[in-house]
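# Structural characterization, general
Listed here are the chains, written in short residue letters.
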Amino acid sequence: MPRGHKMRAIVQDAYGSSSVLRLGDIDRPEIAANEVLVEVVAAGMDRGTWHSMAGKPYLMRIMGFGFRRPKNRVPGLDVSGTVVAVGPEVSRFKPGDEVFGMSRGAFAEYAAVREDKLAHKPANLSFEQAAVVPISAGTAIQGLRDSGHIEPGQKVLIIGASGGVGTYAVQLAKAFGAEVTGVSSTAKVELIRSIGADRVVDYTRDDYLDGSNQYDLILDIGGNNSLSRLRRVLTPKGTLVIVGGEEGGSVTGGFGRQISALLVSMFVSQRLTMLASKERFTDLEALRPFLEDNQVTPVIDRTYSLAEVPNAMRHLEAGLAKGKIAIAIQLRSTGVETPKTKVHT
Ligand SMILES: NC(=O)c1ccc[n+]([C@@H]2O[C@H](COP(=O)([O-])OP(=O)(O)OC[C@H]3O[C@@H](n4cnc5c(N)ncnc54)[C@H](OP(=O)(O)O)[C@@H]3O)[C@@H](O)[C@H]2O)c1
């Protein structure tokens, strides 16, 4: 049980490697009028959390994350748990509600979450499953639906299909009626097949941009390919959505390639665009029917305890995770539901 108003949390006072993450005893967060206090049952780990830990690309430091050290001492973005208190402006939640959403400080026993970033947890998902949905699945649905304008019958290429965003993108693209090709490394080919991709290309063996296949939509989540190579496999009216990739350098993280895409797009018949995903509960509500119908199932590689967060971060950093990593924070007497996750080893 929590001690007074103290809580256990992962604390980070400097940017750096996973060694900057330590387990500490700190005050519970105060909530603002539009916020909800969540007793955290599980949290999700994603690449964004790694970027906040490392302070890279450096561009993010001048974009408000903290110049010399992180403004936010407790890492972790994705959260699921139970509401224990609500601010006076909150109308959609009450104490006892089971919820999931995007917070600042998920690697803790309690997290303050804005009402507009929170939704009720789908009843068929365990807390661990719900905790790995918000950022990655939210990015996937925004990339395919809002930026990609995906349509049934389209041929869709997902580069980075085996990661956090990619495993949702494959399943969502199939649910939207597309014919899906996923790209991954050798060890993750079977995973991508198992979540429904029509075709899988192992990028360590085959060149998926050699021009032998054309796509109506490319979701570019990894690999840092040049625009000219990507355009070669895009149909004349096709759409490229650049979501991310870790090979763009420490300063801008590949932002230059995204800006180039927007510029080139003005002069060619193809639509080349980028995604800057938004954190909002409306995407969680849009995902709900897919999750409840099991058209989209969170892929959890491993679940770690709160104290094991530095190990979990090293696993992510090494590129070993298949899908998502969950952090189990509270095991309460009411019991966390038995996870129904697919475990991929
Ligand atoms: N634009 C936005 O708003 C937004 C939002 C969320 C995330 N992102 C960014 O999107 C990227 C992916 O995020 P994530 O959470 O999905 O990360 P992740 O779980 O670490 O997945 C990374 C993916 O990239 C693939 N990959 C790595 N090297 C590759 C290569 N040389 N060629 C092809 N694929 C390669 C990996 O495949 P293998 O493991 O099989 O090698 C894996 O599928 C990150 O850069 C993240 O910062 C952007």
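Residues numbered from 1 in each chain as written. Predicted model: local features only at pLDDT ≥ 70, side-chain atom pairs only at ≥ 80, totals over all residues. Heavy atoms only, no water.

The helix and strand tally for the protein stands at nine helices and 16 strands. Against the 2.2 N^0.38 benchmark of 20 Å for 345 residues, the protein shows a C-alpha radius of gyration of 20 Å, consistent with a compact globule. Along the longest, intermediate and shortest principal axes, the C-alpha atoms of the protein span 65 × 45 × 40 Å. By sequence separation, contacts in the protein at least 24 residues apart represent 68% of the contacts at least 6 residues apart. Of the charged side chains in the protein, 41 are positive and 37 negative, and the gap between their average positions amounts to 4 Å. (Helix = DSSP H or I, 4+ residues; strand = E, 2+ residues; numbered from the N terminus. Rg over C-alpha atoms; globule rule 2.2 N^0.38 Å. Contact = heavy atoms within 4.5 Å. Lys, Arg positive; Asp, Glu negative; His and termini not counted. Charge placed at Lys NZ, Arg CZ, Asp CG, Glu CD.)

So, about the sheet that holds strand 11 (residues 215-220). Reading across from one edge, 10-9-8-11-12-13 is the order of the six strands in this open sheet, with parallel pairing throughout. Bordering the open sheet on either side are strand 10 (199-202) and strand 13 (271-274), each of which pairs with just one other strand. For this sheet, the mean inter-axis angle between neighbouring strands, taken without regard to orientation, is 15 degrees. Bridging between strand 8 (residues 155-159) and strand 11 involves four bridges; their strand directions are parallel. Its bridge partner being in strand 11, Leu157 is matched across the sheet by Ile218. Across the sheet, helix 4 (residues 164-175) lies against strand 8, strand 9 (179-184) and strand 11, angled at about 170 degrees from strand 8, the strand it touches most. Contacts from helix 7 (residues 255-265) reach strand 11, strand 12 (234-242) and strand 13, with the element oriented near 150 degrees to strand 13. (Pairing = 2+ DSSP bridges. Axes fitted to C-alpha atoms, helices over the stretch in contact; angles between N-to-C directions.)

Here the focus is the environment of Gly76. As for its position among the elements, Gly76 is in the loop between helix 1 (47-54) and strand 4 (78-86). For the pair formed by Gly76 and Gly143, sequence separation is 67 residues and the distance between their alpha carbons is 22 Å. If near-sequence neighbours (up to four positions away) are discounted, Gly76 is found in contact with Thr49, Ser103, Arg104, Gly105, Ala106 and Phe107.

This part covers the packing of aromatic side chains. Here the structure, examined in full by the defined rule, presents one aromatic pair. Positioned above the aromatic ring of Tyr110, the side-chain terminus of Arg28 is 4.1 Å from the ring centre. Above the ring of Phe127, the side-chain terminus of Lys121 is found at 4.8 Å from the ring centroid. (Phe/Tyr/Trp six-rings, centres within 6.5 Å; stacked < 30°, edge-to-face > 60°. Lys NZ or Arg CZ within 6 Å of the ring centre and 35° of its normal.)

Axis angle and axis distance: for two packed helices, these are the angle between their axes and the distance between the axes, and together they describe the pair. Two numbers describe how helix 3 (residues 134-147) lies on helix 4: the axes approach to 8 Å, and their chain directions differ by 50 degrees. When the interaxial angle is binned, helix 3 and helix 4 end up oblique. Crossing geometry of helix 3 relative to helix 4 is assigned as right-handed. Residues Ser136, Ala137, Thr139, Ala140, Ile141 and Leu144 of helix 3 form the contact with helix 4, whose own contacting residues are Gly164, Val165, Tyr168, Ala169, Leu172 and Ala173. When its residues are assigned to classes, the contact of helix 3 with helix 4 shows nine nonpolar, three polar and no charged. (Parallel < 35°, antiparallel > 145°, perpendicular 65-115°, else oblique. Left-handed = near helix turned anticlockwise from the far one by under 90°. Nonpolar A, V, L, I, M, F, W, Y, C, P; charged D, E, K, R; others polar.)

Our focus in this paragraph is the confidence of the model for the protein. The pLDDT averaged across the protein works out to 91; a share of 91% of its residues lies at or above 70. Below a pLDDT of 50 lies the segment residues 333-345, which in the model reaches 33 contacts outside its immediate sequence neighbourhood of four places, other chains included. (pLDDT = per-residue confidence, 0-100.)

Here the focus is the environment of Leu23. Relative to the helices and strands, Leu23 is located in strand 2 (residues 21-27). Along the primary structure Leu23 and Ser136 are separated by 113 residues, whereas in three dimensions their C-alpha atoms are 25 Å apart. Filtering out sequence-adjacent residues up to four positions away, Leu23 remains in contact with Arg8, Ala9, Ile10, Leu306 and Ala307.

Now for the nonpolar core. Grouped together as the largest cluster of nonpolar side chains are 45 residues, with contacts concentrated most on Val133, Leu144, Ile158, Val170, Leu172, Leu219 and Leu287. Breaking this core down by element, the ones donating at least two residues are strand 5 (98-102), helix 3, strand 8, helix 4, helix 5 (189-194), strand 11, helix 8 (281-292) and strand 14 (299-305). Non-local contacts of Val133, meaning those with residues more than four positions away in its chain, are made with Phe100, Leu125, Gly138, Tyr168, Leu287, Leu291 and Pro298. Core analysis: the next-biggest nonpolar cluster, separate from the first, contains 31 residues, Val38, Val40, Ala54 and Ala321 among them. (Core = buried A, V, L, I, M, F, W, Y, C linked by side-chain atoms within 4.5 Å. Buried < 20%, exposed > 50% of the residue type's maximum accessible area, 1.4 Å probe, protein only.)

Of all five residues making up strand 5, four are buried, and the element is well covered by its neighbours. Sheet topology places strand 4 next to strand 5; five bridges connect them, and they run antiparallel. Within strand 5, the position partnered with Gly81 by the bridge is Val99. The pairing of strand 5 with strand 7 (residues 118-120) spans three bridges and is classified as antiparallel. Note on strand 7: the bridge partner recorded for Phe100 is Ala119.

For the coordinates displayed, the defined rule picks out 21 salt bridges. For Asp116, the salt bridge goes to Arg114, with nearest N and O atoms at 2.9 Å. Residue classification places Arg114 among the partly exposed residues on the basis of a relative accessible area of 37%. Note that Glu190 is salt-bridged to Arg193, the shortest N-O span being 3.3 Å. On the criterion of helical spacing, the pair formed by Glu190 and Arg193 is a turn pair, its members being three residues apart in helix 5. (Salt bridge = Lys/Arg side-chain N within 4 Å of Asp/Glu carboxyl O.)

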